[in-house]
Structure formats: C-alpha cells, structure tokens
Amino acid sequence: EAGVTQFPSHSVIEKGQTVTLRCDPISGHDNLYWYRRVMGKEIKFLLHFVKESKQDESGMPNNRFLAERTGGTYSTLKVQPAELEDSGVYFCASSQQGAEGYNEQFFGPGTRLTVL
Amino acid sequence: AQKITQTQPGMFVQEKEAVTLDCTYDTSDQSYGLFWYKQPSSGEMIFLIYQGSYDEQNATEGRYSLNFQKARKSANLVISASQLGDSAMYFCAMRGGWGAQKLVFGQGTRLTINP
C-alpha cells in the first residue's frame, strides 16, 4: 500500500510568486491534514479535511493560503503571493475515519519551500 | 490551549545505552492522546508510539516505551539499547479534546547516537 505522497519535494520561488503544493493521502483515508515547520520551530497544524470538507482551518496563517480537496482525494495548498516567512517544510498527513482513541496520522515526506 | 514542551534540543548517547527523551504537556482536556514521531535525515515522519490518557499501563513498542506520568503531565520516550539508526529528530505530540484531530507538537529533540 502506497504511503502519503507529496509533490514537489522541494520548491524554490521568489517573494511574490505563487506556489502550489500537492498531497495524495493513503487510499481510503477520509482525514487529510496539513502542517508546516518553520525553521527551528515546532511543527504547526494548518488545517484538516474530512473528505472534501474543511473540518478545522484554525491554523491557516492568513488569506494568502488556500487549501482545497476536490472530490475528497488529493489536496492542494496554494500560497499566493508567497512571502519570506512562508519558507519551511510543509507536511501532509492522513488518517482513517474515526476520531476517538488511537487514530494514527501517517505523514508524507514533506515539501521544503524556500522563498527568496 | 494545549502545549507540548521538549526541553532537550539535542542529546548525545553512546550506542547500546538507553536514552530518555523528555516531554511535558499542558492541557485542560480529560481525554487526550500522546504520540511520539521520529524524523530521520531523509525527512519523513515515522510514528513510534501512542499513549491514551485513560490507559493505565505505559505503552511499549519493541525498544520504545513511553513513561507516562499523568499527575506530572509528562510522557517521556525511552529507547532501550540505542542503535546508530536511532539518530534522528524526535517529536512529542498531543491530540486533545473530544473529537479533536489536530496534533500539537513540541519543538523536537535531535538525538545523536555515537558508535
């Protein structure tokens, strides 16, 4: 069974440009999460999809970030326009439906975004 | 609000020794879960172990065990008989509240195993 995949693995863009990150969750996982780690800081939650619906987007930093999950499969995270402070590693995770108790989130390898 | 604190930015341990990575947490929720993840240099996040707040026994998974002290709000990870491949970043995380899904992470501890 394939794990969570993310594309691209690295992205280097200039300030003001647009970047779109993609995440393919494990097949059958209804829950999809985005997290990011800014250099030297803790990994922070961005948002959570259940199928195609945004369940919790309390971690989205501002309106330059737009996440979508059309059809409840893969998800994209667009940053437009990118700023220097957006640099970091963006992780995607997925889990099966079922909120309580042990519900492991499987993480992708991350996309390292560098904004120059 | 939930908070995870990992006070050890880096640790150096000799191969085959046991190592304890500290994690303390703060939450007002009665029901919560605690996780440890490993991130090797390749970047992927690997789940290691889980402890539920109502679990009476400490969780164990192979060489990993979680020393859960609920009254002290601590969830330390113990790795027995460390190996060179254990060198990595280790993150403690919490999921709290009924129905909550998001994980709150600590800043991580970089563990280096010396031969």
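Enquirer: Quick one: what's the story with the overall build of chain A, residue by residue and with numbers?
Expert: When its secondary structure is counted, chain A shows 0 helices and 11 strands. The order of α-helices and β-strands along chain A, N terminus first, is β-β-β-β-β-β-β-β-β-β-β. What you see for chain A is a C-alpha radius of gyration of 14 Å, in line with the 13 Å of a compact globule of 116 residues. A principal-axis box enclosing the C-alpha atoms of chain A has dimensions of 40 × 25 × 25 Å. Sequence separation of 24 or more characterises 53% of the internal contacts of chain A that already satisfy a separation of 6 or more. Accessible area for chain A stands at about 5,700 Å²; split by element, carbon and sulfur atoms hold 49% of it. Side-chain charges in chain A split into 12 positive and 14 negative, and the spacing between the mean points of these groups amounts to 5 Å.

Enquirer: Quick rundown of the side chain of His48 of chain A? Include the residues and the values.
Expert: Within the secondary structure, His48 of chain A sits in strand 5 (residues 43-50). On the basis of relative accessible area, His48 of chain A is assigned to the buried category, the value being 3%. The residues contacting His48 of chain A, other than those within four sequence positions of it, are Asn31, Leu32, Tyr33, Ser53, Lys54, Gln55 and Asp56 of chain A together with Gln101 of chain B.

Enquirer: Which residues make up the side chain of Ser95 of chain A, and what values go with them?
Expert: Summarising the element assignment, Ser95 of chain A is placed in strand 9 (residues 88-95). Among the polar contacts made by the side chain of Ser95 of chain A, one reaches the side chain of Tyr33 of chain A at a distance of 2.8 Å. Among residues more than four places away in sequence, those in contact with Ser95 of chain A are His29, Asp30, Asn31, Tyr33, Asn103, Glu104 and Gln105 of chain A together with Gln101 of chain B.

Enquirer: Requested: an account of the pairing of strand 2 (residues 10-14) of chain B, with residues and values cited.
Expert: All names here are of chain B. Burial of the side chains of strand 2 is restricted to one face: Met11 and Val13 are buried, whereas none of Gly10, Phe12 and Gln14 on the reverse face is. Here strand 2 pairs with strand 12 (residues 109-114) via 5 bridges, running parallel. Its bridge partner lying in strand 12, Met11 is registered against Leu111.

Rules behind the numbers
- Residues numbered from 1 in each chain as written.
- Chains lettered and ligands numbered in written order.
- Predicted model: local features only at pLDDT ≥ 70, side-chain atom pairs only at ≥ 80, totals over all residues.
- Heavy atoms only, no water.
- Helix = DSSP H or I, 4+ residues; strand = E, 2+ residues; numbered from the N terminus.
- Rg over C-alpha atoms; globule rule 2.2 N^0.38 Å.
- Contact = heavy atoms within 4.5 Å.
- Areas by Shrake-Rupley, 256 points an atom, 1.4 Å probe, with all protein chains shown as cover.
- Lys, Arg positive; Asp, Glu negative; His and termini not counted.
- Charge placed at Lys NZ, Arg CZ, Asp CG, Glu CD.
- Buried < 20%, exposed > 50% of the residue type's maximum accessible area, 1.4 Å probe, protein only.
- Polar contact = N/O pair within 3.5 Å; in protein donor to acceptor, adjacent residues only side chain to side chain.
- Pairing = 2+ DSSP bridges.

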